[in-house]
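Chain by chain, the residues run as shown.
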Amino acid sequence: MAYEEKGKASAAPHRLTMDERQTLWMTGVEEVVSFDENEVAVRTVQGLLSVRGTGLKVDKLEKTSGELTISGMVTDLDYQETGPHQGFWTRLFR
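Enquirer: Looking at this structure, how should I read the environment of Leu-24?
Expert: Position of Leu-24 among the secondary structure elements: in strand S2 (residues 23-27). Looking at Leu-24, the relative accessible area reads 1%, which means it is buried. Along the chain, Leu-24 and Leu-68 lie 44 residues apart, while their C-alpha atoms are 8.1 Å from each other. When sequence neighbours within four positions are dropped, the list of residues in contact with Leu-24 reads Leu-16, Thr-17, Met-18, Val-51, Leu-68, Thr-69, Ile-70 and Leu-77.

Structure follows, in structure tokens:
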């Protein structure tokens, strides 16, 4: 197995479940790109997902299964499409 493949989430389906806008569970997570108390950026099998809100906290991240749990007040979920035709600089300065 190549080095890049180790620790990556399997091609699990991407699912979101939210309870009372306070807890968000998701599958199909490849990596948490960045996070702070107002935004968590997550690369999923369906594209880049930005979760915005207040008091956000990454409670659980299982890299092998691709599962993630976020708590806090969720106010916005936003997907950004990324494709193979876009280069590094295009994705970086979006």
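That was the structure; now back to the text.
Enquirer: What am I meant to see in the pairing of strand S3 (residues 29-35) here?
Expert: If a strand is regular, its side chains alternate between the two faces of the sheet. Pairing of S3 with strand S4 (residues 39-44), which is carried by five bridges, proceeds in the antiparallel orientation. Within S4, the residue paired with Val-32 across the bridge is Val-42. Following S3, the chain reverses through three residues before pairing antiparallel with S4.

Enquirer: Sorry, what's going on with the pattern of salt bridges here?
Expert: Between side chains of opposite charge, a pair can form as their charged atoms come close. Scanning all chains against the criterion turns up six salt bridges. Of the charged contacts in the structure, one is a salt bridge between Asp-78 and Arg-52, with a shortest N-O distance of 3.9 Å. Here Arg-52 lies in strand S5 (residues 47-62) and Asp-78 lies in strand S6 (residues 67-80), a separation of 26 residues in the sequence. Asp-59 is the salt-bridge partner of Lys-57, the closest N and O atoms lying 3.9 Å from each other. We classify Lys-57 as partly exposed; its relative accessible area is 49%. What makes Asp-59 partly exposed here is its relative accessible area of 41%.

About the criteria used
- Residues numbered from 1 in each chain as written.
- Predicted model: local features only at pLDDT ≥ 70, side-chain atom pairs only at ≥ 80, totals over all residues.
- Heavy atoms only, no water.
- Helix = DSSP H or I, 4+ residues; strand = E, 2+ residues; numbered from the N terminus.
- Buried < 20%, exposed > 50% of the residue type's maximum accessible area, 1.4 Å probe, protein only.
- Contact = heavy atoms within 4.5 Å.
- Pairing = 2+ DSSP bridges.
- Salt bridge = Lys/Arg side-chain N within 4 Å of Asp/Glu carboxyl O.

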